[in-house]
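Each chain, letter by letter, is given below.
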Amino acid sequence: MTDTVTDRFLRYVVIDTQSDPTSRSQPSTEKQKVLGHLLVEELLAMGVSDAHLDEHGYVYATIPSNTDRQVPVICFCSHMDTAPDFTGTDVKPQIVRNYTGGDIQLPGDPQRIIRVSDNPALRDQIGNDIITTDGTTLLGADDKAGLAEIMTAAQFLVDNPGIEHGTIKLLFTPDEEVGRGADKVDLAKLGAQFAYTVDGETAGHIEDETFSADGVEITIQGVAIHPGFAKGKMENAVRIAGAIIDRLPMEAAPETTSDREGFIHPTGVTGSMEKATISLIVRDFSEDGLASKEALLEIVVKDVMAAYPGSSHTFEITRQYRNMKAILDRHPQIVDYAMEAIRRAGMEPVRGSIRGGTDGSRLSFMGLPCANLFAGGHAFHSPLEWVSRQDMERGVRTLVELARIWAERS
């Protein structure tokens with residue numbers, strides 16, 4: 001267990017698997033299948049005989065039960081894609097062995113420095129081996145650390161039949177980073193009753209709550225006319241869009257909120273004098289909070305539009321995902337067993353919430369209750385991303401113990 005998880009991780013991160021939010025194909029990028037094929041090859045080599053990659057880019061596999069007990073079928077899940085926020089091409093991982101503390105300067109771009117002041121979790125890593133990039137790409141610990149941990153745990157369970165466990169399903173998804181990771185999951189084929197995404201951050205953490213999330217698209221139809229003859233006639237859709245964005249409350253923005261506070265966040269503006277579109281995401285931990293933010297946003301839009309009587313607009317809300325806590329509270333054993341597994345792996349469990357979502361959010365509401373376990377990575381979606389070898393090893397031990405606990409308590 002000691003070295004294998006790191007070896008796997010280093011093997012996976014050099015494969016470019018960025019997803020593409022502008023693509024409508026599934027998966028959004030074919031290169032994600034390159035990693036999928038490798039994972040299948042490794043699973044088959046370790047004796048997981050049904051491992052396969054489907055046409056949509058999902059990897060399915062089964063570790064059969066080795067007990068006569070009636071153990072619920074559980075699933076371990078991670079995603080193969082990396083975020084489109086920063087390049088994932090030509091990743092050059094480096095290992096800072098026996099970290100002694102202090103900031104870490106990245107060799108490929110000396111201006112990029114992983115600072116302790118921005119990463120206080122580094123203070124808990126003294127003596128550990130820290131894996132980073134050279135500073136020119138993201139690392140991909142989100143979520144290739146989770147992949148490596150699940151794969152290593154699978155190998156350990158296969159190689160140690162004395163560890164009693166029920167049937168364990170493995171699911172590796174594409175396109176999580178662009179919000180489509182659960183779109184084509186075949187839950188009937190998967191056949192699991194409960195699940196864990198391994199996609200969290202700090203070692204020892206388990207999360208059973210996410211934001212509830214909607215997307216909002218506002219389309220403005222202005223009045224276009226030659227600017228030389230525009231006085232009293234033109235209603236510039238770009239200017240109207242800017243006025244709406246300017247009126248959004250700063251106290252409800254991502255950059256001014258934390259903990260359990262939600263936000264309204266404009267993510268894109270496109271358009272011309274005649275027509276403009278604003279794309280936004282709205283997030284809150286409660287349905288009421290989500291609805292109130294959307295109502296506030298609509299009031300702002302209507303108030304701005306009142307000054308432009310010749311123009312019109314549409315306001316479209318798209319449901320994205322909901323707080324998985326509503327589902328997980330009905331199945332407390334999912335979190336209880338995970339917390340015990342974390343303790344057995346030598347950590348004090350920390351139960352928390354995610355200011356975001358995971359595949360588990362969607363899967364929970366699709367009928368597969370799913371909590372989120374730590375994978376150990378930090379500073380996701382950036383060239384300053386890092387993970388420690390020791391935290392990934394703790395992740396492996398947690399998964400092995402979790403498989404054991406489900407059998408023990410059935």
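Residues numbered from 1 in each chain as written. Predicted model: local features only at pLDDT ≥ 70, side-chain atom pairs only at ≥ 80, totals over all residues. Heavy atoms only, no water.

Undergrad: Looking at this structure, I do not really get the overall build of the protein chain. What am I missing?
TA: Check the secondary structure of the protein chain and you find 10 helices and 17 strands. Computed over its C-alpha atoms, the radius of gyration of the protein chain comes to 23 Å, within 12% of the 22 Å expected for a compact globule of 410 residues. Seen through its C-alpha atoms, the protein chain measures out along the principal axes to roughly 80 × 50 × 40 Å. Burial analysis of the protein chain (410 residues in total) assigns 55% to the buried set. In the form shown here, the protein chain has an accessible surface area of approximately 17,100 Å², with 49% of it arising from carbon and sulfur atoms. Averaging the positions of the 39 positive and the 61 negative side-chain charges in the protein chain gives two centres separated by 2 Å. (Helix = DSSP H or I, 4+ residues; strand = E, 2+ residues; numbered from the N terminus. Rg over C-alpha atoms; globule rule 2.2 N^0.38 Å. Buried < 20%, exposed > 50% of the residue type's maximum accessible area, 1.4 Å probe, protein only. Areas by Shrake-Rupley, 256 points an atom, 1.4 Å probe, with all protein chains shown as cover. Lys, Arg positive; Asp, Glu negative; His and termini not counted. Charge placed at Lys NZ, Arg CZ, Asp CG, Glu CD.)

Undergrad: What am I meant to see in the layout of surface pockets here?
TA: Here the idea is plain: a probe the size of a water molecule rolls over the atoms and shows the empty space left. For the largest pocket, the calculated volume is near 1,600 Å³. Taken together, 42 residues make up the lining of the largest pocket; nearest its centre are Glu177, Arg283, Tyr321, Gly357 and His381. Residue assignment for the lining of the largest pocket shows that the elements contributing at least two residues are β9 (194–200), β10 (205–210), β12 (263–271), β13 (275–284), β14 (312–321), β15 (350–354) and α9 (359–366). For the lining of the largest pocket, the element with the most residues is β14, which contributes four residues. Residues belonging to the lining of the largest pocket are distributed by class as follows: 12 nonpolar, 16 polar and 14 charged. (1 Å grid on protein atoms, 1.4 Å probe; cavity = no way out; pocket = protein on both sides within 12 Å on 5 of 7 lines; lining within 4 Å. Points joined across faces, edges and corners; volume = space filled by probe spheres on them. Nonpolar A, V, L, I, M, F, W, Y, C, P; charged D, E, K, R; others polar.)

Undergrad: Any chance you could explain the sheet that holds β15 here in plain terms?
TA: Two orientations exist for strands paired in a sheet by backbone hydrogen bonds: parallel and antiparallel. The sheet built from eight strands is open, its strands ordered β1-β2-β8-β3-β9-β16-β10-β15 with mixed pairing. Both outer strands of the open sheet, β1 (52–53) and β15, are each paired with one neighbouring strand and no more. Here β10 runs beside β15; their pairing, made up of five bridges, is parallel. If you follow Ile206 over to β15, its bridge partner there is Arg351. Against the sheet, helix α8 (residues 333–344) makes contact with β9, β10, β15 and β16 (370–374), and its axis sits at roughly 50° relative to β9, the strand it touches most. Sitting on the sheet, helix α10 (residues 389–408) touches β3 (74–79), β8 (168–173), β9 and β16, and the angle it makes with β16 is about 145°. (Pairing = 2+ DSSP bridges. Contact = heavy atoms within 4.5 Å. Axes fitted to C-alpha atoms, helices over the stretch in contact; angles between N-to-C directions.)

Undergrad: What am I meant to see in the sheet that holds β12 here?
TA: One open sheet holds the four strands; their spatial order is β12-β13-β11-β14, and the pairing between them is antiparallel. The outermost strands of the open sheet, each flanked by one partner alone, are β12 and β14. Shown here is a sheet whose adjacent strand axes are inclined to one another by a mean of 20°, direction ignored. Two elements, β12 and β13, share eight bridges in a ladder whose sense is antiparallel. Looking at the pairing, His265 lines up with Ile281 of β13. The strands touched by helix α5 (residues 237–247) within the sheet are β11 (212–221), β12 and β13, with β13 carrying the most contacts at an inclination of about 20°.

Undergrad: Honestly, the packing of aromatic side chains in this entry has me stumped. Any pointers?
TA: Pairs of aromatic rings are described using the distance from one ring centre to the other and the angle between the two planes. This structure, assessed with the given rule, holds six aromatic pairs. Where Phe76 meets Tyr196, the ring centres are 6.3 Å apart and the plane angle is 50°; that geometry is what we call tilted. Here Tyr196 lies in strand β9 and Phe76 lies in strand β3, a separation of 120 residues in the sequence. Since its relative accessible area comes to 0%, Tyr196 is described here as buried. Ring geometry for Phe211 against Phe263: centres 5.5 Å apart, planes inclined by 90°, an arrangement best described as edge-to-face. With Phe211 in the loop between β10 and β11 and Phe263 in strand β12, this pair connects stretches of sequence that are 52 residues apart. Each member of the pair, Phe211 as well as Phe263, is classed as buried. An aromatic cluster is built from Phe194, Tyr337 and Trp406, whose rings are joined through pairwise contacts. The ring of Tyr60 has Lys189 sitting right over it, with the charged end atom 3.9 Å from the ring centre. (Phe/Tyr/Trp six-rings, centres within 6.5 Å; stacked < 30°, edge-to-face > 60°. Lys NZ or Arg CZ within 6 Å of the ring centre and 35° of its normal.)

Undergrad: I keep staring at the packing of helix α1 (residues 4–13) against helix α3 (residues 141–159) and nothing clicks. Help me out?
TA: A pair of packed helices is characterised by two quantities: the angle between their axes and the separation of those axes. Look at α1 against α3: their axes get within 9 Å of each other, and the N-to-C directions meet at 135°. Between α1 and α3, the angle falls in the class oblique. For the pair α1 and α3, the sense of crossing is right-handed. Between α1 and α3, the contacting residues are Thr4, Val5, Arg8, Phe9, Tyr12 and Val13 on the first element and Ala141, Lys144, Ala145, Leu147, Ala148, Glu149, Met151, Thr152 and Gln155 on the second. Of the residues that constitute the contact of α1 with α3, the class distribution is nine nonpolar, three polar and three charged. (Parallel < 35°, antiparallel > 145°, perpendicular 65-115°, else oblique. Left-handed = near helix turned anticlockwise from the far one by under 90°.)

Undergrad: Would you mind showing me how to read the side chain of Gln26 here?
TA: Its location among the elements puts Gln26 in the loop between α1 and α2 (32–45). For Gln26, a relative accessible area of 17% puts it in the buried group. Side-chain polar atoms of Gln26 contact the side chain of Tyr58, separated by 3.3 Å. If near-sequence neighbours (up to four positions away) are discounted, Gln26 is found in contact with Glu55, His56, Tyr58, Pro174, Asp175, Arg180 and Lys184. (Polar contact = N/O pair within 3.5 Å; in protein donor to acceptor, adjacent residues only side chain to side chain.)

Undergrad: I would appreciate a short explanation of the pairing of β8 in the present structure.
TA: Put simply, side chains in a regular strand alternate between the two faces of the sheet. The element β8 is extensively covered by neighbouring structure, given that six of its six residues are classed as buried. A two-sided burial pattern is seen for β8, the buried positions comprising Ile168, Leu170 and Phe172 on one face and Lys169, Leu171 and Thr173 on the other.

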